[in-house]
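What follows is the residue order along each chain.
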Amino acid sequence: MSSTMSDESDSYFSEACEYVTDHADSLNSEQLVLFYGFYKQATAGPCNTPKPSLFDLRAKKMWTSWSNLGSMPKAEAKLRYVELLNRIAGDWQTSTLKAQGWVCVSSPRQEEQIADSAKDIFDWTREGNLEKIRQACRVSAANLRDADGLTLLHWAADRGHLPVVRYLVAELKADVNCLDKYGQTPLHYAAACGYLDVCKFLVDSRAEVAAADGEGLTPIDLAEEASVKDFLERL
């Protein structure tokens, strides 16, 4: 990335951070947690702090959001932060861009920062690109783990990509109760991120609702969205 492009990206990221700070009250807990993870990765690099106590669920979710990004480069984290804001508030930058004369960086352009030829099955899963996953994935790869111990199903649940979750479970027979290095299942991830549709599918696929992670927390304990918590508590 050239110096000019880098400077523009840094400025755009800074404006996005200011917008999120000023409009935090209008964002839900799931969105704030995601923004936190990308911000910490973009400014501090890979997670380097101890996992919070199980009694501080909010801090644990924020830490997990950051930790799950693994070794993602700071530049990519900045782009992902802006991409998330573009999805949530697509017109946030209008007045700023007009004032500064900047060019809006759309989601497709951001994805071009990582060449398709350099992407692996985990990148396609994070993006929710089912076509590429079908091309690259075999049954034997369904339960592969990345450097951080997450399976494809963990990532698909974390990002809320229901079609990918359905493909991995129904067609590739991915283990719906697979554990990450902290003892969390894909249902833990979907519940913590507030994806009700993914939670319903995983439960219908025999995900263990009462599964406890290494700190004794179940998916219900991690759920903040009322609809998700209510669904899991009624089971």
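Residues numbered from 1 in each chain as written. Predicted model: local features only at pLDDT ≥ 70, side-chain atom pairs only at ≥ 80, totals over all residues. Heavy atoms only, no water.

- Under the annotation held in an unreviewed UniProt entry, the protein chain carries the name Acyl-CoA-binding domain-containing protein 6 and is attributed to Parthenolecanium corni.

1. Focus: helix α10 (residues 162–171)
Turning to step 1, where the next piece is worked out: Taken together, the buried positions of α10 are Leu162, Val164, Val165, Tyr167, Leu168 and Val169.
Turning to step 2, where the next piece is worked out: Buried residues along α10 sit against α7 (121–127), α8 (130–136), α9 (152–159) and α12 (196–204).
Turning to step 3, where the next piece is worked out: Looking one or two residues beyond α10, the residue adopting positive phi is Lys173, at roughly 60°. (Buried < 20%, exposed > 50% of the residue type's maximum accessible area, 1.4 Å probe, protein only. Helix = DSSP H or I, 4+ residues; strand = E, 2+ residues; numbered from the N terminus. Contact = heavy atoms within 4.5 Å.)

2. Here we look at the environment of Ala157
Turning to step 1, where the next piece is worked out: Here Ala157 is to be found in helix α9.
Turning to step 2, where the next piece is worked out: Sequence spacing of Ala157 and Val198 is 41 residues, and the spatial spacing of their C-alpha atoms is 6.6 Å.
Turning to step 3, where the next piece is worked out: Beyond its immediate chain neighbours, meaning those up to four positions away, Ala157 contacts Val165, Pro186, Tyr189, Ala190, Tyr195 and Val198.

3. Things to note about the side chain of Thr218
Turning to step 1, where the next piece is worked out: Note that Thr218 resides in the loop between α12 and α13 (219–222).
Turning to step 2, where the next piece is worked out: Discounting residues that sit within four places of it in the chain, Thr218 has contacts with His188, Val209, Ala210, Ala211 and Ala212.

4. Let's talk about the packing of helix α2 (residues 29–44) against helix α4 (residues 74–88)
Turning to step 1, where the next piece is worked out: Interaxial distance between α2 and α4 falls to 7 Å at its minimum, and their mutual angle equals 155°. Relative to α4, α2 is oriented roughly antiparallel. Seen from above, α2 lies across α4 with left-handed handedness. Here α2 contributes Gln31, Leu34, Phe35, Phe38, Tyr39, Gln41, Ala42, Thr43 and Ala44 to the contact with α4, which in turn contributes Lys74, Ala77, Lys78, Arg80, Tyr81, Leu84, Leu85 and Ile88.
Turning to step 2, where the next piece is worked out: Grouping the amino acids of the contact of α2 with α4 by side-chain chemistry returns 11 nonpolar, three polar and three charged. (Axes fitted to C-alpha atoms, helices over the stretch in contact; angles between N-to-C directions. Parallel < 35°, antiparallel > 145°, perpendicular 65-115°, else oblique. Left-handed = near helix turned anticlockwise from the far one by under 90°. Nonpolar A, V, L, I, M, F, W, Y, C, P; charged D, E, K, R; others polar.)

5. Notes on the UniProt feature "repeat: ANK" (unreviewed entry) in the protein chain
Turning to step 1, where the next piece is worked out: According to UniProt, the "repeat: ANK" (unreviewed entry) feature falls on residues 148–181 and 182–214.
Turning to step 2, where the next piece is worked out: For the annotated span residues 148–181, helix accounts for 53% and strand for 0% of the residues, and the straight-line distance between the end C-alpha atoms is 8 Å.
Turning to step 3, where the next piece is worked out: Annotated as 52% helix and 0% strand, the span residues 182–214 places its first and last C-alpha atoms 5 Å apart. (UniProt positions renumbered as here; feature names shortened; annotations may be inferred.)

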